[in-house]
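# Structural overview for review
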Amino acid sequence: MSSLNHCIKFELDIKDENIVFKDYFYKSIKLQKHKIYEAELIQPACPFCGSLDLLHNGHLIANIRYPTANASLPVIIRLAKQRVKCRACDHWSMAQSELVNKYCSISNASKLKVLSALTEDRSMTSIARENNVSVNTVQRVLGSCSHRFLDSYEYLPAHLAFDEFKGVDRQLHFICLDGDNHQVVQILRTRYKKMLLKYFGRFSPQARANVKTVTMDLNFYYQDIVRACFPNAQIVIDRFHMIQMLTRSFNSLRVQVMKTFDKRSRQYQLLKSPWKLYLKKFDELEKAHPRYNWHYKDCLTQAQVVMEGINTSTTLENSYNLMQSFIQAVETGNTHELKSLINCQDQIGTLMHKTLLTFKHNLTAVLNGAELPYSNGCLEGFNRKIKQIERTAFGYSNFTNLLTRIRLEEDLYKEKEPNSLLMTA
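Criteria and thresholds
Residues numbered from 1 in each chain as written. Predicted model: local features only at pLDDT ≥ 70, side-chain atom pairs only at ≥ 80, totals over all residues. Heavy atoms only, no water. pLDDT = per-residue confidence, 0-100. Contact = heavy atoms within 4.5 Å. Buried < 20%, exposed > 50% of the residue type's maximum accessible area, 1.4 Å probe, protein only. Helix = DSSP H or I, 4+ residues; strand = E, 2+ residues; numbered from the N terminus. Phe/Tyr/Trp six-rings, centres within 6.5 Å; stacked < 30°, edge-to-face > 60°. Axes fitted to C-alpha atoms, helices over the stretch in contact; angles between N-to-C directions. Left-handed = near helix turned anticlockwise from the far one by under 90°. Nonpolar A, V, L, I, M, F, W, Y, C, P; charged D, E, K, R; others polar. Salt bridge = Lys/Arg side-chain N within 4 Å of Asp/Glu carboxyl O. Polar contact = N/O pair within 3.5 Å; in protein donor to acceptor, adjacent residues only side chain to side chain. Pairing = 2+ DSSP bridges.

## Brief notes about the confidence of the model for the protein
- Counting all residues, the mean pLDDT for the protein is 90, and 95% of those residues have values of 70 or more.
- Segment residues 412-424 is flagged for pLDDT under 50; beyond a separation of four residues in sequence, or across chains, it makes 21 contacts in the model.

Spelled out as structure tokens, the structure:
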């Protein structure tokens, strides 16, 4: 072979011995400069009987798009595929190569490069522009990867985490994570109780008995699903959701007390402007260096502001002390203190009382949340990544495409049959 053929193959990283490059040149196509390589694809033997006695009958010219490091200079391989007839078995055939699939004009290398780009947080338009293909081609490569998260119904992790996220058409989709390694177990189109019972009911009794804990928020029917499907599982209420409910209840009470004062009064300004200080832990407030604030026109430390604000109402003071003690008990895992706080009889706000009543109805699960180390923190972080995927794509209208993109970006896709993947793309 000529040195030109060797140099072009080395440059393009093509190892097929049946492809022979003959020439290259530059050509403007649709007002864009392209680099054209001319090559011939040889048919060495009959694919049916293996005979070498072939009758050549012309070529089929195919323009193959090939990846390049310079996106502004697309590469096209003008491949002349030999058409032959076998004199031994009288079969007609055409030369084929691993460079490109049959009846396709986009090289397998370009598809693999597109697949690699889909694992990054990028839009399909930018991927198509970089690889000199259409957006539909990128979508076809994405669709060729679509398959379920969990193919086997014989195993479930010992620790699960349940939650939902907003996806296609602003609907809520169910998501389940492994609490230990934070890998996705399954994402379902809906979060309806009937759908979840049907899905988890497909697992074997041994797999469902293996589940030890299920972490969730205070969604009431998730607990029914756990009791129905997992006989040995403990229900764990996420610590973040418990504290969030309590702080929202206290914040609502603060606003109610604030509105009882005149807007120009000192009490109103103490409860309104520094509202974030009331939601922080008291130990984290500044207690040594007072600062002047023009709202209430005084030099006070953060701790002094909070103490003077809650002293305006006995109910507000009791609720604040309860909230601070509850947060400390959750952080230290003190279940006895937590139980006494939930059964508190002090004068607190109506919404705070309803929150404690909710905790009391779910007392075992709430105590498990404070005592056990499992939480939904990994799931909340994963939902944040899903939101970023949707934001980059300006939303998804197809649930399967969204599911596949999540898997690709989280490196959960395992390519079992790369050749079949490229054949379907």
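Next, the rest of the story.
## Re helix 15 (residues 363-371)
- Buried residues of helix 15: Ala365, Val366, Leu367, Asn368, Gly369 and Ala370, and no others.
- Each element contacted by the buried residues of helix 15 is listed here: strand 10 (234-237), helix 8 (239-258), helix 12 (314-332), helix 13 (335-342) and helix 14 (350-361).

## Section: the packing of aromatic side chains
- Throughout the structure, instances matching the rule amount to 17 aromatic pairs.
- Between Tyr199 and Phe203 the ring centres are 5.4 Å apart and the planes differ by 85 degrees, which places this aromatic pair in the edge-to-face class. For the pair shown, Tyr199 and Phe203 are each scored as buried.
- Ring geometry for Phe200 and Phe230: centres 5.3 Å apart, planes at 75 degrees, overall edge-to-face.

## Considerations on the packing of helix 16 (residues 377-392) against helix 17 (residues 399-409)
- Remark: helix 16 packs on helix 17, axes separated minimally by 11 Å, with the N-to-C direction vectors making an angle of 115 degrees. Taken as a pair, helix 16 and helix 17 cross one another with a handedness that is right-handed. In this structure, helix 16 uses Phe382, Ile386, Ile389 and Glu390 to contact helix 17, whose residues at the interface are Leu402, Arg405, Ile406 and Glu409.
- Partitioning the contact of helix 16 with helix 17 into residue classes produces five nonpolar, no polar and three charged.

## Details of the pattern of salt bridges
- The full count for this structure, using the stated rule, is 14 salt bridges.
- The partner of Lys35 in a salt bridge is Glu11, and the shortest N-O contact between them spans 3.5 Å. Taken together, the residues span a long stretch of sequence, with Lys35 in strand 2 (residues 32-41) and Glu11 in helix 1 (residues 3-12) at a distance of 24 residues.
- The shortest N-O distance in the salt bridge between Glu409 and Arg405 comes to 3.4 Å. Here Arg405 and Glu409 lie together in helix 17, a separation of four residues that amounts to about one turn.
- Judged by relative accessible area, which is 17%, Glu409 ranks as buried.
- On the basis of relative accessibility, which here comes to 1%, the residue Arg405 falls in the buried class.
- If you follow the salt bridges from partner to partner, you end up with Glu120, Arg122 and Glu130 in one network.

## Some thoughts on the side chain of Ser97
- Secondary-structure assignment places Ser97 in the loop between strand 5 (92-94) and helix 2 (108-118).
- Ser97 gets classed as buried once you look at its relative accessible area, which sits at 12%.
- A distance of 2.4 Å separates a polar atom in the side chain of Ser97 from a polar atom in the side chain of Asp16.

## A short note on the sheet that holds strand 8 (residues 184-188)
- Read across the sheet, five strands follow the order 8-7-6-9-10 without closing on themselves; strand pairing throughout is mixed. Each edge of the open sheet carries a strand with a single partner, namely strand 8 and strand 10. Strand after strand, the sheet turns through a mean of 20 degrees between neighbouring axes, direction not considered.
- Examined bridge by bridge, strand 6 (residues 159-166) and strand 9 (residues 213-216) share three bridges and lie parallel to one another. Paired with Leu160 across the strands is Val214, a residue of strand 9.
- Lying on the sheet, helix 5 (residues 193-201) is in contact with strand 6, strand 7 (172-178) and strand 8; it crosses strand 8 at an angle near 140 degrees.

## Topic: the side chain of Thr392
- Take Thr392: it is sitting in helix 16.
- Classification of Thr392 as buried rests on a relative accessible area of 18%.
- Polar contacts involving the side chain of Thr392 include one to the side chain of Asp121, which spans 2.7 Å.
- In contact with Thr392, other than residues within four places in its own chain, are Asp121, Arg122 and Ser123.

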